[in-house]
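# Residue-level structure breakdown
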Amino acid sequence: MRVKEIRKSKKLSLRALSELSGVPQRTIEDIERFDRCKVDTAIKLADALEVTLDELCRNLPPIA
């Protein structure tokens, strides 16, 4: 998953992403550390980050 990469490219803190997505900060930390999450959580994060699930979950070339 590319949560951390996308979050940083959008200059969002963990707290800001948590507030935007409704996903607890600790959960986001765990997702960034362990590289997995539930589908409904991924949907919330993708919506908050304004990316598709594909962009969030697949290992694509780095964001410019």
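Scroll up to find the structure.
Here's what I pulled together on the structure shown here. (Residues numbered from 1 in each chain as written. Predicted model: local features only at pLDDT ≥ 70, side-chain atom pairs only at ≥ 80, totals over all residues. Heavy atoms only, no water.)

A cluster of nonpolar residues, Val39, Ile43 and Leu53, forms a patch on the protein surface that exposes about 250 Å² of accessible area. Locating Ile43 in the fold gives a position in helix α4 (residues 39-49). (Patch = residues over 30% accessible without salt bridge, like charges linked within 9 Å, V, L, I, M, F, W, Y side chains within 5 Å. Areas by Shrake-Rupley, 256 points an atom, 1.4 Å probe, with all protein chains shown as cover. Salt bridge = Lys/Arg side-chain N within 4 Å of Asp/Glu carboxyl O. Helix = DSSP H or I, 4+ residues; strand = E, 2+ residues; numbered from the N terminus.)

With that settled, consider the nonpolar core. The nonpolar side chains of soluble globular proteins are, as a tendency, buried together. Counting residues in each nonpolar core, the largest one holds 15 residues, and the members touching the most others are Val3, Leu17, Ile28, Leu45, Leu49, Val51 and Leu56. When residues of this core are traced back to their parent elements, those giving at least two are α1 (3-9), α2 (14-21), α3 (25-34) and α4. Apart from residues no more than four positions distant in its own chain, Ile28 is found in contact with Val3, Leu14, Leu17, Ser18, Ser21, Val23 and Leu45. (Core = buried A, V, L, I, M, F, W, Y, C linked by side-chain atoms within 4.5 Å. Buried < 20%, exposed > 50% of the residue type's maximum accessible area, 1.4 Å probe, protein only. Contact = heavy atoms within 4.5 Å.)

So, on to the side chain of Arg7. The residue Arg7 is located in helix α1 in this model. A polar contact of 2.8 Å, which involves the side chain of Arg7, links it to the side chain of Glu32. With residues up to four places along the chain from it excluded, the contact list for Arg7 reads Leu12, Ser13, Leu14, Leu17, Glu32 and Leu49. (Polar contact = N/O pair within 3.5 Å; in protein donor to acceptor, adjacent residues only side chain to side chain.)

This part takes up the packing of α2 against α4. Where α2 meets α4, the axes come as close as 9 Å, and the angle between the chain directions of the two elements is 105 degrees. With respect to each other, α2 and α4 are oriented roughly perpendicular. Residues Leu17, Leu20 and Ser21 of α2 touch α4, and the partners they reach there are Lys44, Leu45, Ala48 and Leu49. Tallied by class, the residues present in the contact of α2 with α4 amount to 5 nonpolar, 1 polar and 1 charged. (Axes fitted to C-alpha atoms, helices over the stretch in contact; angles between N-to-C directions. Parallel < 35°, antiparallel > 145°, perpendicular 65-115°, else oblique. Nonpolar A, V, L, I, M, F, W, Y, C, P; charged D, E, K, R; others polar.)

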